[in-house]
Amino acid sequence: MVRDNQYDQTVVELVGEGYHDIIILDNIGNKVQQDSSESMSDLLDFGDCHVGRTYQETFTMTNPSSSKVLRFEWLLSGPQLSFSPQVGHLHADCSKVEPIVLNTQTIKCKLSSITFQQPVDQVPDWDDCHRTVKWVDVDKSSQQPTKRK
């Protein structure tokens, strides 16, 4: 550093653009052909399929918000496509694995921000599969495999 140098200070202006996803779909583009001109993250490729057979793939839906709870509903336009769950809640910083059955048409998902009357940690996760997952701590010593003769 040189003292009293008129060129010592430089002003740099940084300009950028960003976005924040309301929901993140992960593991959805892993089978797309490398030479495809489509975005790898937006296309789920079932590959070669035979007529009259059911094909299933999965992806993960994640709510990146630290406070917003979302309600999702897959808007289906025909019986050829199914999601499980099709409707549900996605708590903040949580994910759900979504199985999807093959369809050749565009599909839409409706998202709505929701609020609860109780604190969010007292409201169980919900979807239309009518299953509630409860994690229970298990003593690791009781998990030891036993030898069979």
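So, here is what we can say about the structure in this document. Just so we're clear, the structure is a prediction, and the values are computed from it rather than from any experiment. (Residues numbered from 1 in each chain as written. Predicted model: local features only at pLDDT ≥ 70, side-chain atom pairs only at ≥ 80, totals over all residues. Heavy atoms only, no water.)

Our focus in this paragraph is the pattern of salt bridges. As enumerated under the stated definition, the model contains three salt bridges in all. We note a salt bridge from Arg71 to Glu73, for which the minimum N-O separation is 3.2 Å. Lys96 is the partner of Asp127 in a salt bridge, and the nearest nitrogen-oxygen pair spans 2.7 Å. Placement of Asp127 in the segment after β6 (108–114) and of Lys96 in strand β5 (residues 95–101) is noted, with a sequence separation of 31 residues between them. Overall, Lys96 belongs to the buried group, its relative accessible area being 9%. Each member of the salt-bridge network shares a partner with another, and the members are Lys96, Asp125 and Asp127. (Salt bridge = Lys/Arg side-chain N within 4 Å of Asp/Glu carboxyl O. Helix = DSSP H or I, 4+ residues; strand = E, 2+ residues; numbered from the N terminus. Buried < 20%, exposed > 50% of the residue type's maximum accessible area, 1.4 Å probe, protein only.)

Its place among the elements puts Ser65 in the loop between β2 (56–62) and β3 (69–75). Residues Ser65 and Cys94, spaced 29 residues apart in sequence, show a C-alpha to C-alpha distance of 8.8 Å.

This part is about the sheet that holds β3. Within a sheet, each strand pairs with its neighbour through backbone hydrogen bonds, oriented either parallel or antiparallel. With respect to topology, three strands assemble into an open sheet ordered β4-β3-β6, the strand pairing being antiparallel. Lying at the two open borders of the sheet, with one neighbouring strand each, are β4 (87–90) and β6. Averaged over all pairs of adjacent strands, the angle between strand axes in this sheet comes to 25°, irrespective of strand direction. With four bridges connecting them, β3 and β4 associate as antiparallel partners. The residue bridging Arg71 from the neighbouring strand is His89, located in β4. (Pairing = 2+ DSSP bridges. Axes fitted to C-alpha atoms, helices over the stretch in contact; angles between N-to-C directions.)

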